[in-house]
Amino acid sequence: MPKEGGTMLVAGATGVAAQNLIEIVRKAKNWKAIGLSRNPPASLPPSVQHIAADMMDAEGCKRALKGVEVTHLVFAARAKHKLYTTMAPGAKVGVENVEPNIEMLRNVVAACEGSSLRHVHVIQGSKWYGFHMGPYPTPAKESAPGHMPPNFYFDQQKFLESSGGPWTWSTSRPAAINGKNVGSGPNLVSTLGVYALICKHLGLPLDFPGKPGAYKSLMELSDAEQVAESIFWMCNTPAAENQAFNVVNGDLFRWESIWPRIAEHYGMKMGTVRYFPLVQWMADKGPVWDEIVKTEGLQARSIDDVASWGFADFLLGCDFDIISSTTKIRQAGFHRMVDTEEMIIDQLTHYRKEKILA
């Protein structure tokens, strides 16, 4: 890792992986972290500078970043989308808009470009392979061509490859990212925790609300801390320059294996596989959650702040294998792996300790 360090601007600082990355950079010798977003993250350390800007406003970005010597840009922002929020029965899955997402990237890069900029990293995702469209070839390798567009990841990649700038680039393709920061985007683990507590409060067993095929299919997730570590590694490793890497925990699991452990964590009886859309069936459970919060002495958070029902419906509805190859990133030198089942239980335990969940 270069001894000279640098200044890393994390655009989209409110995301869970972004917040973990800021913490890593903040603690690294000779490094400075700066967060960029419309509003500062609630948990941003006082020692970390935050710059407020609308990334859709090119001139506004330039004004906000004027005089800031950025050596490394990590772009973790994305335009608001409906892919995980239109999962009500009969609703069409929204296709994410390409133009706002590529426009934001262009604007931030332009505002940072100068003699100091050495590397640009863009956090993308395993939707590159089209798993949101249905079954796809697995294990997915970074050399895969993708799927029928639109997909703004493809446009971001073309922009990076054709920029002609003096800086190098890298991209990461995580699976669904899960971390201990609640309220930083869709969070599958905290959503499952809210679901389990509501079932327990109503005297019900812990049914699996996803598709039967999803219960038995192979699945993968990405730990936010691991994703952040991999990004810092990519930004500082010659072997990672101008490359895309899958960043997943490195193991595989089946819901049929972890589900009994979740039930045990909450002291509940196991239910059955009973598919029902959480977006629909949890729509009236706000008062139930409020009662749980009061009874258990939890943090006064709304149900929508802790649970992302559409996101859970999407992932629990994938009744096919979701597998990304980790060969490329291991061969390049990044070897950290995470036990996904232990990650899920550890995060649920953390939420209990912090009084986010019981």
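Calculation criteria
- Residues numbered from 1 in each chain as written.
- Predicted model: local features only at pLDDT ≥ 70, side-chain atom pairs only at ≥ 80, totals over all residues.
- Heavy atoms only, no water.
- Helix = DSSP H or I, 4+ residues; strand = E, 2+ residues; numbered from the N terminus.
- Buried < 20%, exposed > 50% of the residue type's maximum accessible area, 1.4 Å probe, protein only.
- Contact = heavy atoms within 4.5 Å.
- Areas by Shrake-Rupley, 256 points an atom, 1.4 Å probe, with all protein chains shown as cover.
- Lys, Arg positive; Asp, Glu negative; His and termini not counted.
- Charge placed at Lys NZ, Arg CZ, Asp CG, Glu CD.
- Salt bridge = Lys/Arg side-chain N within 4 Å of Asp/Glu carboxyl O.
- Axes fitted to C-alpha atoms, helices over the stretch in contact; angles between N-to-C directions.
- Parallel < 35°, antiparallel > 145°, perpendicular 65-115°, else oblique.
- Left-handed = near helix turned anticlockwise from the far one by under 90°.
- Nonpolar A, V, L, I, M, F, W, Y, C, P; charged D, E, K, R; others polar.
- Core = buried A, V, L, I, M, F, W, Y, C linked by side-chain atoms within 4.5 Å.
- pLDDT = per-residue confidence, 0-100.
- Polar contact = N/O pair within 3.5 Å; in protein donor to acceptor, adjacent residues only side chain to side chain.
- Pairing = 2+ DSSP bridges.
- Phe/Tyr/Trp six-rings, centres within 6.5 Å; stacked < 30°, edge-to-face > 60°.
- Lys NZ or Arg CZ within 6 Å of the ring centre and 35° of its normal.

## With respect to the overall build of the protein chain
(1) Moving on: Counting its regular elements, the protein chain contains 14 helices and 11 strands.
(2) Moving on: With 358 residues in all, the protein chain has 56% of them scored as buried.
(3) Moving on: Contacts in the protein chain between residues at least 24 apart in sequence constitute 79% of all its contacts with a sequence separation of at least 6.
(4) Moving on: Accessible surface computed for the protein chain: about 15700 Å², of which carbon and sulfur atoms make up 52%.
(5) Moving on: Taken together, the 36 basic and 36 acidic charged side chains of the protein chain have centroids lying 1 Å from each other.

## A closer look at the pattern of salt bridges
(1) Moving on: This structure, assessed with the given rule, holds 13 salt bridges.
(2) Moving on: Across the pair Arg301 and Asp305 runs a salt bridge whose closest N-O atoms are separated by 2.7 Å.
(3) Moving on: Under the relative-accessibility criterion, Arg301 is labelled partly exposed at 23%.
(4) Moving on: Counted as one network, the salt bridges with shared partners bring together Glu23, Arg26 and Lys27.

## What to know about the packing of helix H1 (residues 16-27) against helix H7 (residues 224-234)
(1) Moving on: Relative to each other, H1 and H7 sit at 55 degrees, their axes nearing to 8 Å. In terms of their interaxial angle, H1 and H7 are classed as oblique. In this structure, H1 crosses over H7, and the sense of that crossing is right-handed. Residues Val16, Ala17, Asn20, Leu21, Ile24 and Val25 of H1 lie in contact with H7, whose contacting residues are Ala224, Glu225, Val227, Ala228, Glu229, Ile231 and Phe232.
(2) Moving on: Class assignment for the residues of the contact of H1 with H7 results in 10 nonpolar, 1 polar and 2 charged.

## Considering the packing of helix H8 (residues 255-265) against helix H14 (residues 340-353)
(1) Moving on: Taken N-terminus to C-terminus, the directions of H8 and H14 make an angle of 25 degrees; their axes are 10 Å apart at the nearest point. Overall, the two elements H8 and H14 adopt an arrangement that is roughly parallel. In this structure, H8 crosses over H14, and the sense of that crossing is right-handed. Mapping the contact onto sequence places Trp255, Ser257, Ile258, Arg261, Ile262 and His265 in H8 and Glu341, Glu342, Ile344, Ile345, Leu348, Thr349 and Arg352 in H14.
(2) Moving on: Of the residues in the contact of H8 with H14, the class split is 6 nonpolar, 3 polar and 4 charged.

## Some details on the nonpolar core
(1) Moving on: Of all hydrophobic cores here, the largest spans 91 residues; its most connected members are Val108, Trp255, Trp289 and Leu357.
(2) Moving on: Each residue touching Val108, except ones within four places of it in the same chain, is listed here: Leu9, Ala11, Leu36, Met55, Cys61, Leu73 and Phe75.
(3) Moving on: In this structure, Ala17, Trp31, Val227 and Trp233 belong to the second largest nonpolar core, which totals 30 residues.

## Focus: the confidence of the model for the protein chain
(1) Moving on: Looking at the protein chain, the pLDDT average stands at 94 and 95% of residues meet or exceed 70.
(2) Moving on: Counted against residues more than four places away or in other chains, residues 83-93, with its pLDDT under 50, gives 21 contacts.

## Regarding helix H4 (residues 152-162)
(1) Moving on: The complete set of buried residues in H4 reads Phe152, Tyr153, Phe154, Gln156, Gln157, Phe159 and Leu160.
(2) Moving on: Structurally, H4 contributes buried residues whose contacts are with strand E4 (72-75), helix H3 (98-112), strand E5 (119-123) and strand E6 (168-174).
(3) Moving on: Two to three positions downstream of the cap, the backbone nitrogen of Tyr153 sits 2.9 Å from a side-chain oxygen, assigning the N-cap of H4 to Asn151.
(4) Moving on: Just beyond H4, the residue with positive phi is Gly164, at close to 70 degrees.

## Quick look at the pairing of E4
(1) Moving on: Burial along E4 is two-sided: His72 and Val74 facing one way and Leu73 and Phe75 facing the other are all buried.
(2) Moving on: Alignment of strand E1 (residues 6-11) against E4, held across 4 bridges, turns out to be parallel. Along E4, the bridge assignment pairs Val10 with Val74.

## Description of the packing of aromatic side chains
Within a pair of aromatic rings, the relevant descriptors are the distance that separates the centres and the angle that separates the planes.
(1) Moving on: One pass over the structure, following the stated rule, counts 14 aromatic pairs.
(2) Moving on: Seen from their ring centres, Phe253 and Trp255 are 5.0 Å apart, and the 85 degrees between their planes marks the pair as edge-to-face. The same class applies to Phe253 and to Trp255, which are both buried.
(3) Moving on: Measuring from centroid to centroid gives 6.3 Å for Phe276 and Trp281, while their planes differ by 80 degrees, and the two rings are edge-to-face.
(4) Moving on: Residue classification places Phe276 among the buried positions, given a relative accessible area of 15%.
(5) Moving on: Each member of the aromatic cluster is reached from another via a ring pair, and the members are Phe208, Tyr215, Phe253, Trp255 and Trp259.
(6) Moving on: The cationic tip of Arg173 hangs over the ring face of Trp128; the distance from NZ or CZ to the ring centre is 3.8 Å.

## A word on the sheet that holds E5
(1) Moving on: Read from one edge of the open sheet, 7 strands run E3-E2-E1-E4-E5-E6-E10, paired in parallel fashion. In this open sheet, the two strands that pair with only one neighbour each are strand E3 (49-52) and strand E10 (243-247). Taken pair by pair, the neighbouring strands of this sheet meet at an average axis angle of 20 degrees, ignoring direction.
(2) Moving on: Relative to the sheet, H3 contacts E1, strand E2 (31-37), E4 and E5, its axis offset from that of E4 by approximately 165 degrees.

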